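One letter stands for each residue in the lines below.
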Amino acid sequence: MRFFVRRTIFYVITFWAAMTINFFIPRVMPGDPVTALIAANQGKISPDAIEAITKLFGLDENTTLWQQYVNYWTQLFHGNLGISFSGREPVVDILARSLPWTIGLVGIATIISFTIGTLAGVAIGWRRGTRADILLPISTFFSTVPYFWLALVVIALFAVRLGWFPASGSYNRSMVPNLSWEFAGSVIYYGTLPALTIIITSVSGWILGMRNMMVTVSSDDYVTVAQAKGLPERKVMFGYAARNAILPQLSSFALSLGFIVGGTLVMETVFSYQGIGYQLLKATAAKDYPLMQGCFLVITVAVLLANVIADFAYGVLDPRTRQEG
Amino acid sequence: MRKFTTVAASAAVVALLATACSGGGEDPADGDGDKPTQATSNERSDKVLTVGMPNGEASANQNPIAPGAGSTSFGYAYAIYESLMQVNEIKPNDPPTPWLAEKIEWNDDYTEAVITPRAGVKWSDGEDFTADDIAYSLQIRKDNDELNPDFPGQYGDITTDGSTVTVGFTSGQYVNAVKLYKLLIVPKHIWENEDPVTYTADDMIGTGPFTLKSFTPQSVTLVPNDSYWGEKPLVGELRYDAFKDNPGLTTALTSGEAQWGWVFIPDFENTFIAQDPDHFNQVAGGGFGVDVLYLNNEEKPFNDVAFRKALNMVVDRADISATAGYGVWPQIKSVTGLPQPSGDDFIMDEYKGQELSVDVDGAKQVLTDAGYTWDGDALVDPDGEKVSFTLTNPQGWTDYLDALAIIGEGAKALGADAKVEPVVQDTWFNQVINLGDFDASLHWTDGGSTPWNLYSNIMDGASYVPQGEPANWNFGRYQDDEVTAALADFKSATSDADRMAALGTVQKHFVEDVPGLVIWSRPAVAQYSTVNYTGFPTAEDPYANPQPTGPQAALILTKLKPTAD
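Given the structure is predicted, the values throughout are model-derived calculations rather than measurements.

Rules behind the numbers
Residues numbered from 1 in each chain as written. Chains lettered and ligands numbered in written order. Predicted model: local features only at pLDDT ≥ 70, side-chain atom pairs only at ≥ 80, totals over all residues. Heavy atoms only, no water. Helix = DSSP H or I, 4+ residues; strand = E, 2+ residues; numbered from the N terminus. Buried < 20%, exposed > 50% of the residue type's maximum accessible area, 1.4 Å probe, protein only. Areas by Shrake-Rupley, 256 points an atom, 1.4 Å probe, with all protein chains shown as cover. Lys, Arg positive; Asp, Glu negative; His and termini not counted. Charge placed at Lys NZ, Arg CZ, Asp CG, Glu CD. Contact = heavy atoms within 4.5 Å. Buried area = accessible area lost by both parts, 1.4 Å probe. Salt bridge = Lys/Arg side-chain N within 4 Å of Asp/Glu carboxyl O. Polar contact = N/O pair within 3.5 Å; in protein donor to acceptor, adjacent residues only side chain to side chain. Nonpolar A, V, L, I, M, F, W, Y, C, P; charged D, E, K, R; others polar. Axes fitted to C-alpha atoms, helices over the stretch in contact; angles between N-to-C directions. Parallel < 35°, antiparallel > 145°, perpendicular 65-115°, else oblique. Left-handed = near helix turned anticlockwise from the far one by under 90°. Core = buried A, V, L, I, M, F, W, Y, C linked by side-chain atoms within 4.5 Å. 1 Å grid on protein atoms, 1.4 Å probe; cavity = no way out; pocket = protein on both sides within 12 Å on 5 of 7 lines; lining within 4 Å. Points joined across faces, edges and corners; volume = space filled by probe spheres on them. Expected span 1.5 Å × (residues − 1). Pairing = 2+ DSSP bridges. UniProt positions renumbered as here; feature names shortened; annotations may be inferred. Patch = residues over 30% accessible without salt bridge, like charges linked within 9 Å, V, L, I, M, F, W, Y side chains within 5 Å. Right-handed = clockwise from strand over helix to strand, strands pointing away. Phe/Tyr/Trp six-rings, centres within 6.5 Å; stacked < 30°, edge-to-face > 60°. pLDDT = per-residue confidence, 0-100.

1. Some remarks on the overall build of chain A
- Looking only at helices and strands, one finds 14 helices and zero strands in chain A.
- Counting helices and strands in the order they occur from the N terminus, chain A gives α-α-α-α-α-α-α-α-α-α-α-α-α-α.
- Overall, the C-alpha framework of chain A stretches about 85 × 60 × 35 Å when taken along its three principal axes.
- Buried positions account for 45% of the 325 residues belonging to chain A.
- Carbon together with sulfur atoms contributes 68% to the accessible area of chain A, which is approximately 16,400 Å² in total.
- Taking the average location of the 22 positive side-chain charges in chain A and that of its 17 negative ones, the two points are 11 Å from each other.

2. Digging into the interface of chain B and chain A
- With 50 residues of chain B at the contact, the number on the chain A side is 44 residues.
- Counting the surface lost from both chain B and chain A, the interface buries some 4,100 Å², and carbon and sulfur atoms represent 56% of this.
- Among the residues of chain B in contact with chain A, E57(B), Q218(B) and K244(B) are the three that bury the most area, contributing 15% of the side total.
- Linking chain B with chain A are three salt bridges.
- Between D145(B) and K55(A) there is a salt bridge, and its shortest N-O distance comes to 3.3 Å.
- Linking chain B with chain A are nine residue pairs in polar contact (both at pLDDT 80 or more), by the criterion used here.
- Elements with a minimum of two residues in the side of chain B that touches chain A: α1 (8–20), β8 (210–216), β10 (235–242) and α13 (425–432) of chain B.
- For the side of chain B that touches chain A, a count of residues per class yields 24 nonpolar, 15 polar and eleven charged.

3. Digging into the packing of helix α6 (residues 135–144) of chain A against helix α8 (residues 181–218) of chain A
Residue and element names in this part refer to chain A.
- Where α6 contacts α8, the axes come no closer than 7 Å and their chain directions differ by 135°. When the axis of α6 is compared with that of α8, the two are oblique. Handedness of the crossing formed by α6 with α8: left-handed. Side by side, α6 and α8 meet where L136, S139, T140, F142 and S143 of the first sit next to I200, T201, V203, S204, I207, L208 and R211 of the second.
- Residues that form the contact of α6 with α8 fall into these classes: six nonpolar, five polar and one charged.

4. Points about the nonpolar core
- Ranked by internal contacts, the top residues of the largest apolar core, which has 201 residues, are I104(B), L138(B), L180(B), L238(B), L293(B) and L311(B).
- Excluding residues that lie within four positions of it along the chain, L138(B) makes contacts with I115(B), Y155(B), I158(B), V165(B), V167(B), L180(B) and L183(B).
- Of all hydrophobic cores here, the second largest spans 24 residues; its members include I198(A), I260(A), V270(A) and Y273(A).

5. Looking at the layout of surface pockets
Residues and elements named next belong to chain A.
- Reported here for the second largest pocket is a volume of approximately 1,000 Å³.
- For the second largest pocket, the lining is made up of 34 residues, of which F57, G58, Q75, F85 and P290 are closest to its centre.
- Elements supplying a minimum of two residues to the lining of the second largest pocket: α1 (2–28), α3 (50–56), α4 (65–77) and α14 (289–317).
- No other element matches the five residues that α4 contributes to the lining of the second largest pocket.
- Residue composition of the lining of the second largest pocket, by class: 14 nonpolar, 13 polar and seven charged.

6. Considering helix α7 (residues 147–161) of chain A
Residue and element names in this part refer to chain A.
- The end-to-end C-alpha separation of α7 is 20 Å, in line with the 21 Å expected for 15 residues at 1.5 Å each.
- Of all the residues in α7, the buried ones are Y147, L150, A151, L152, V154, I155 and A159.
- Two residues or fewer past α7, G163 is found with a positive phi of approximately 70°.

7. Things to note about the sheet that holds strand β16 (residues 388–394) of chain B
Residue and element names in this part refer to chain B.
- Ordered in space as β17-β16-β18-β13-β19, the five strands form an open sheet in which the pairing is mixed. With partners counted over all chains shown, the strands left at the sheet margins are β17 (417–423) and β19 (516–521), one partner each. Between one strand axis and the next, the sheet turns by 25° as a mean value, whatever way the strands run.
- Each of β13 (290–295) and β19 touches helix α14 (residues 452–459); the most contacted strand, β13, lies at about 20° to it.

8. Let's talk about the sheet that holds strand β6 (residues 155–160) of chain B
Residues and elements named next belong to chain B.
- Here four strands make up an open sheet; going across it, the order is β4-β5-β7-β6 and the pairing antiparallel. A strand with exactly one partner marks an edge of an open sheet, and here the two such strands are β4 (101–106) and β6. Recorded for the sheet is a direction-independent mean angle of 15° between the axes of neighbouring strands.
- The sheet contact formed by β6 and strand β7 (residues 165–169) spans four bridges and is antiparallel. In the strand pairing of β7, I158 is matched with V167.

9. Digging into the UniProt feature "transmembrane region" (unreviewed entry) in chain A
- Sequence positions flagged by UniProt for "transmembrane region" (unreviewed entry) are, in local numbering, residues 9–25, 101–126, 147–167, 187–208, 253–276 and 296–317 of chain A.
- Within residues 101–126 of chain A, the helical portion is 100% and the strand portion 0%, while the C-alpha atoms at the span's ends are 37 Å from each other.

10. Examining unusual backbone geometry
All names here are of chain B.
- Note the cis peptide between K300 and P301, where omega equals 0°.
- A cis geometry characterises the amide bond from Q340 onward to P341, with omega recorded as 5°.
- Note on placement: P341 falls in the loop between α10 (317–324) and α11 (360–369).
- Of note in this structure, Y326 is not a glycine but carries a positive phi near 50°.
- Residue position: Y326 is located in the loop between α10 and α11.

11. Re a nonpolar patch on the surface
Residue and element names in this part refer to chain A.
- Taken together, the side chains of I134, I138, F141 and F142 define a hydrophobic patch exposed on the protein surface, amounting to about 380 Å² of accessible area.
- Tracing the backbone shows F141 in helix α6.
- F141 gets classed as partly exposed once you look at its relative accessible area, which sits at 49%.

12. Concerning the pattern of salt bridges
Residues and elements named next belong to chain B.
- Tallied over the entire structure, the rule returns 17 salt bridges over all chains.
- Between R522 and D291 there is a salt bridge whose closest N-O contact spans 2.9 Å. You can see R522 sitting in the loop between β19 and β20 (525–529) and its partner D291 sitting in strand β13, a full 231 residues away along the chain. Across the pair, exposure class does not vary: R522 and D291 are buried alike.
- A network of salt bridges, in which partner residues are shared, links K300, D381, D383 and E385.

13. Some words on the pairing of β16(B)
All names here are of chain B.
- With respect to burial, β16 is a largely interior element, six of its seven residues being buried.
- Here β16 pairs with β17 via seven bridges, running parallel. Pairing of T392 across the sheet is with E421, part of β17.
- One crossover worth recording links β16 to the parallel β17 by way of helix α12 (residues 398–414), and it is right-handed.

14. A look at the packing of aromatic side chains
Residues and elements named next belong to chain A.
- All told, the structure shown has 56 aromatic pairs over all chains when counted by the stated rule.
- Between the aromatic rings of W66 and Y69, the centroid separation amounts to 5.8 Å while the plane-to-plane angle is 35°, which identifies the pairing as tilted. Taken as a pair, W66 and Y69 lie in helix α4 at a separation of three residues, close to a single helical turn.
- Following the ring pairs from residue to residue traces out a cluster consisting of F15, F23, F24, W66, Y69, Y72, W73 and F77.

15. Let's talk about helix α2 (residues 33–40) of chain A
- A large share of α2(A) lies buried, amounting to seven of its eight residues.
- Every buried residue belonging to α2(A) is among P33(A), V34(A), T35(A), A36(A), L37(A), I38(A) and A39(A), and all of these are buried.

16. Section: the confidence of the model for chain A
- Looking at chain A as a whole, the pLDDT averages 82, with 94% of positions reaching at least 70.
- Confidence scores differ between elements of chain A, with α2(A) showing the lowest mean pLDDT of 77 and helix α5 (residues 91–126) of chain A the highest of 88.

The following block contains the structure:
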């Protein structure tokens, strides 16, 4: 029990530190949202309007940094993240409508990638030294290719040259989002290329991890015993070897879930996908502090939560990690 | 000023697209003259007209009067809410066209306007539009600084007698009259129960030719307003799509996915028009907007009028317009810096027909006369120091930086050592341009409906603040009491003759003192396709600013006709 209490205290402190850094980072960044807005409007807003905009953004009030910090925590506990400067709508609303897109697309892509990668790793690891090993360098090649370049090639090939898939967007814009097969189909159609590129670039990690564990495990005594007993090959492979080899895979899967939220900025930029990464990019360009803080908050919390899950799950699965000195 | 903060990735997409579909290969049309005339129909069409702006997602806040509001930067607010008058920026001397106001009468010194509302106009919820709505729309701008970027601190009393509205101003507004004409009017009966600053106006009740059908952050759909007071729109459905950045909208326009919008398309004739020369158009409106090379009049080398003059004579404006501006921004020809044809009526007789040209020998003569010498190739000023200066602008503003490079080449022809130095955008805004901490830097000017803004922004002593303190305009710190007085006179004059006399003084100083260099004019430009609808402003009939993001959108939308085929 002491283990779990100690971990909990540790995470509470980490959360406080992350949130505090989250508060200070936008404030020490150079630039201000008013001139960013003027720059973005290509000279349509005269410098005479600076005063009006400053007041509209609530930046004219002279509050001390400490007061702002206290307000920030008060707002956080009320689930209020403030009003975005650029859109003047609540940050919570913006996050609420962006998150499902990111989690949906990247989450599904990660699960698919994990499943394919792990299964392939089991197969390659079990029959090592066969021709199937060629998969390793190929998948590693794709994982080392810069993501945005791969994405551009995929767009040029499948969207522009062949015209099979749309080049950008997250659904057919002429539709109003609703719960229909037609709309769901559109979402899947538009999500195919982004998901495909994520899977291609991330699958090699899963293959490699699983294969290496399989190689280690398959030389263990209990595997030899199982084979000596005359059990079917499939049963030994999955029931004995893979079952034990998958432990580290699971914990890194839990960790990768945390990066789903934050790690897709490039994908959302290249494919104009309306997720949280795109919002963060937009907020940074506009110096939109409230929205930036909101995005950082979501990303930090996601990573922390994933850590908690990985940590505690491992604690449950492997008693050795719980032992005190 | 155009900003290119696009990620390299997206830019490359367009490059790929451009190579992938540059099949046509024929010469782009020289003008609009050789486009076939299209048969049109007078029946409402059910085809969708898609409007695009590269501003990212729309936000779920439809307040149309807050500065920088999403609904105005996307443009759909202008199809729903209307302005008091329609102003044609390309013909600034034409009287404005009555719109929600039947007439607006100013007193002689432009400190008071009497607005007569149009009769028979209804809000889209069925309520009558009255003088109270106009008075209310002005009053909330007066009461809330947040909503008042146009006349900060300048509103006087706003009264209404039921049939007209009288609005006072604390100073003469001759040069700002057009800002009053362009104010959007909102319904009092809905807005008075809300805080106008935070109200999100989700229903979008307006007087305009269209009403809101559906909103998503990706796309806003409007349908015709059947109770519209003016000519009933023939466009069956309007869609405003969110495009994340310039390349996104460029792709949509060239593929025909969007049919109306504005985005800077480098080499637009090949990238855009050549894709469908019969239907694709790019049209420039008028106005007085220009980009200016501000010269630091208080520091070497630009504190010497002879050097400013000489630089002005070696800047190749034709090359700047064609190369740095890709032919999108028209060349400035008049020595007065005024864009044409908008400025034609404001060019003094003595400068009519005088055009800027590159004259290196003439420039060297000016310098020699002023006591400059040459050490080998290097220019040496009368104090014996070598002339050098830095041209600066934010990183990524590629058109500005390209223009600076061309200006630098001109300076080198004189023997001056000119360097182009990009800086971080935030630094430029907050520490360079406003504090006057530069030698030469490009900046835009306010458009306005008279040349006053252009000249005032460059050389008005009323905007002068010492170096090191933030200035709003007159970044070059030019000071001349005669000019300052003449600019004030122009604003407060009560007759056209007085105004022209004041303008003459300003213009003379602009030409002779060269406080800054106007490098090109920056009119409102728009792209559109006439595949489904025609009747947009053209080069031959520039009846309005062609962009969808302004009060003129209501006028253009009622003029569009479906194509018959």
